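Residues per chain, in single letters:
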Amino acid sequence: MSFNPFEEKGERLNAFENWKQLYPRAYDKNATDPKTKMRVILMNGTEFEAQWFLHNMARHTADNDLRRDLAVIRRAEQQEQKKLSYLKPKDESILETTIAYEQLAVELTAMLARKEKNMTVRRALDFALLEDFDHLYRYADLLEMDSGIRAETLVGKKTEIMPGRPTVSEHRYPTDDIKKPLPANAPLSSKLHAMIITAAEQQTMNLYMNCGTFYEASEIGRKLFLEIGMIEEQHVSLYESVQYSSASWLECLLMHEYAECYLYHSMSMDETDNNIRAIWTEYLEREIGHLHAAARLLEKYEGKHWSEVIPGGEFPEPLLFSEAEGGNMEYIRRVLKNTVNLTADKEGYVNVSDVPESSGFFGYNRKVNGAVASVASHNVIDRYIAEAGEDYRFQVSAHPVGMLRDRTKDNVDVGRCRDCDEKGNKLK
């Protein structure tokens, strides 16, 4: 069923909430569907992106009338973000929350990649997918080692937990994360996908920037947050680089509000928790009001009708987590099998065996890692294996990559060794 938010009335712009309304009933970390947790994280990140965009926009105009209009929208976005953030229960640890963040990164990236029509965006999604997949595996081993909690229970056995492109291989020279931006005539769905994944990865980056130092269970855990936090910055650089980048500030504002409407509409169609579904429905109405306000500002200041930016206005097909079940697992395995040894090379991606030894990739990777034995992402698995005899995994069948099937050894050569055989052994 088609839905056009420009044809809906929405809620008035200054429909602010009081303190009681802003402090919702948190979800039950043990009973709530993992998909609900992923929706909460996604929409929290979407709201964070929206309000920080509005702050940056306000810093790039001297028109106080416009800045006042932006302040009203921004305050509403701040309220929405706060309410969604407090859906997290107080008894959910930082590391348990992190597992949900990484599950979202894996499932959302795979969902978008499977739908994506633009090859630049799709290749970026496929590339980073294997890295978030590996992060989930390393945090899961840390969780079991430090807390005795098996992450498969947290992800509902909907997402496999096993190595991807090893985190030690993901540290690349900054220029290799920058890709070609979408053209003006790119499909609306591609523009939305690039915005959505940027917001989601940015939310993860922000979590690790601020919360990693609060991890108290082990020093190695603090170091793992530090290391993976740097990769999340790389992912934000990657995804923001493929966004359509030639729009004006007011056109971007319209697209931000449209993306929020699209996501709240999708979340409300897919949600199984009645309490949280009510929030999605309510915030959809509020965001439609924000969208109309953005359309009025675009017409007032630039003389453009919203349809010049978003022709037609109807949403693409909704983003439904329930529809991804099963299909994502198969898709991820296929991407793993075919691309695990790729690294980034400026606008493209190449097999690491084809990268010159003198490249920025190898120079930077050696600089930040030093001796692999000192790298946190390797140490977590190495220590777990030393204690348990093999690593912790949840997989439905043998790993699709032969080099990553050995559970008694953490392979740190996949994706970074130029002269290795299929089992990850160096040939020279």
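Going by the structure above, here's the rest.
Residues numbered from 1 in each chain as written. Predicted model: local features only at pLDDT ≥ 70, side-chain atom pairs only at ≥ 80, totals over all residues. Heavy atoms only, no water.

Enquirer: How do you make sense of the nonpolar core when you look at a structure like this?
Expert: Side chains of nonpolar character tend, in soluble globular proteins, to be buried together. Core analysis: the biggest nonpolar cluster contains 114 residues, and Leu42 and Leu254 have the highest contact counts within it. Broken down by element, the residue count for this core peaks at 15 residues, all from helix H5 (residues 119–147). Apart from the residues within four sequence positions on either side, leucine 254 is in contact with Phe6, Leu291, Ala294, Ala295, Leu298, Trp306, Val309 and Ile310. (Core = buried A, V, L, I, M, F, W, Y, C linked by side-chain atoms within 4.5 Å. Buried < 20%, exposed > 50% of the residue type's maximum accessible area, 1.4 Å probe, protein only. Helix = DSSP H or I, 4+ residues; strand = E, 2+ residues; numbered from the N terminus. Contact = heavy atoms within 4.5 Å.)

Enquirer: What's the story with the environment of tryptophan 19 in this structure? I'm lost.
Expert: Note on placement: tryptophan 19 falls in helix H1 (residues 19–22). C-alpha separation for the pair tryptophan 19 and lysine 83, spaced 64 residues apart in sequence, amounts to 9.6 Å.

Enquirer: It is not clear to me how helix H8 (residues 219–242) should be interpreted in this structure. Could you clarify?
Expert: In an α-helix, one turn spans 3.6 residues, which is why side chains three or four residues apart end up on the same side. Along its 24 residues, H8 runs 36 Å from first to last C-alpha, staying within 8% of the 34 Å computed at 1.5 Å per residue. Judged by how many residues are buried, H8 sits mostly within the fold: 17 of 24 residues are covered. (Expected span 1.5 Å × (residues − 1).)

Enquirer: Looking at this model, I keep getting lost on the environment of histidine 265. Mind explaining?
Expert: Along the chain, histidine 265 turns up in helix H9 (residues 249–270). Here histidine 265 is in contact with Phe3, Leu284 and Phe315, once residues within four sequence places are set aside.

Enquirer: Quick question: what am I supposed to make of the pairing of strand E2 (residues 348–351) here?
Expert: Along any regular strand, the residues point their side chains to alternate faces of the sheet. Here strand E1 (residues 342–345) runs beside E2; their pairing, made up of four bridges, is antiparallel. The residue bridging alanine 344 from the neighbouring strand is tyrosine 349, located in E2. Count of turn residues in the E1/E2 antiparallel hairpin: two residues, of which lysine 346 carries a positive phi of about 50°. (Pairing = 2+ DSSP bridges.)

Enquirer: Hey, could you run me through the packing of helix H4 (residues 94–115) against H5 in this one?
Expert: The axes of two packed helices give the description: the angle between them and the distance between them. Between H4 and H5, whose axes approach to 9 Å, the crossing angle comes to 155°. Between H4 and H5, the interaxial angle falls into the category roughly antiparallel. Remark: the crossing between H4 and H5 carries left-handed chirality. Across the interface between the two elements, Leu95, Glu96, Thr98, Ile99, Glu102, Gln103, Ala105, Val106, Thr109, Ala110, Leu112 and Ala113 of H4 pack against Arg122, Leu125, Asp126, Leu129, Asp132, Phe133, His135, Leu136, Tyr139, Ala140, Leu142 and Leu143 of H5. Broken down by class, the residue content of the contact of H4 with H5 amounts to 15 nonpolar, four polar and five charged. (Axes fitted to C-alpha atoms, helices over the stretch in contact; angles between N-to-C directions. Parallel < 35°, antiparallel > 145°, perpendicular 65-115°, else oblique. Left-handed = near helix turned anticlockwise from the far one by under 90°. Nonpolar A, V, L, I, M, F, W, Y, C, P; charged D, E, K, R; others polar.)

Enquirer: Any chance you could explain the layout of surface pockets here in plain terms?
Expert: Gaps between atoms show up when a probe of the same size as a water molecule is rolled over them. One number sums up the size of the largest pocket: a volume of about 940 Å³. Lining of the largest pocket is provided by 37 residues; of these, Met195, Gln243, Tyr244, Cys252 and His256 occupy positions nearest its centre. The set of elements that each furnish at least two residues to the lining of the largest pocket consists of helix H2 (34–58), helix H7 (188–211), H8 and H9. Examining the composition of the lining of the largest pocket, we find that eight residues originate from one element, H9, more than from any other. Its residues placed into classes, the lining of the largest pocket shows 21 nonpolar, nine polar and seven charged. Here the second largest pocket defines a volume of roughly 450 Å³. (1 Å grid on protein atoms, 1.4 Å probe; cavity = no way out; pocket = protein on both sides within 12 Å on 5 of 7 lines; lining within 4 Å. Points joined across faces, edges and corners; volume = space filled by probe spheres on them.)

Enquirer: Help me out: how do you make sense of empty space enclosed by the protein in this one?
Expert: In the structure shown here, the tally under the stated rule is three cavities of 30 Å³ or more. Of the pockets and cavities examined, the largest cavity occupies roughly 70 Å³. As for the largest cavity, its lining consists of Pro34, Lys37, Met38, Glu92, Glu96, Ile99, Ala100, Gln103 and Leu154. Elements represented by at least two residues in the lining of the largest cavity include exactly H2 and H4. With four residues, H4 is the single largest residue contributor to the lining of the largest cavity. Across the lining of the largest cavity, the residue classes break down as five nonpolar, one polar and three charged.

Enquirer: Would you take a moment to explain the pattern of salt bridges for this structure?
Expert: Note on pairing: side chains with opposite charge can pair once their charged atoms come close. Using the criterion set out here, one finds 26 salt bridges in the structure. When the shortest N-O distance is used, the salt bridge between glutamate 282 and lysine 83 registers 3.9 Å. A residue pair is termed long-range when its members are at least 10 positions apart, and glutamate 282 in helix H10 (residues 274–302) and lysine 83 in helix H3 (residues 64–85) qualify at 199 residues. Of the charged contacts, one joins glutamate 160 and arginine 333 as a salt bridge, the two residues approaching to 2.8 Å between their closest N and O atoms. Separated by 173 residues along the polypeptide, glutamate 160 in the loop between helix H6 (151–154) and H7 and arginine 333 in helix H12 (residues 327–339) bring together distant segments of the chain. By the burial criterion, glutamate 160 is buried, and arginine 333 matches it. One continuous salt-bridge network, built from bridges that share partners, spans Glu17, Glu80, Lys83, Glu282 and Arg286. (Salt bridge = Lys/Arg side-chain N within 4 Å of Asp/Glu carboxyl O.)

Enquirer: I would appreciate a short explanation of the packing of aromatic side chains in the present structure.
Expert: Think of a pair of aromatic rings as described by two things: how far the centres are apart, and how the planes are tilted against each other in angle. Taken as a whole and assessed by the stated rule, the structure comprises 17 aromatic pairs. Relative to tyrosine 364, the ring of tyrosine 173 lies with its centre 6.4 Å away and its plane at 80°, an arrangement referred to as edge-to-face. Placement of tyrosine 173 in the loop between H6 and H7 and of tyrosine 364 in helix H13 (residues 360–369) is noted, with a sequence separation of 191 residues between them. The class of tyrosine 173 is partly exposed, set by a relative accessible area of 40%. Feature note: the residues Phe3, Phe6, Tyr258, Tyr262, Trp306 and Phe315 constitute an aromatic cluster, connected by ring pairs. (Phe/Tyr/Trp six-rings, centres within 6.5 Å; stacked < 30°, edge-to-face > 60°.)

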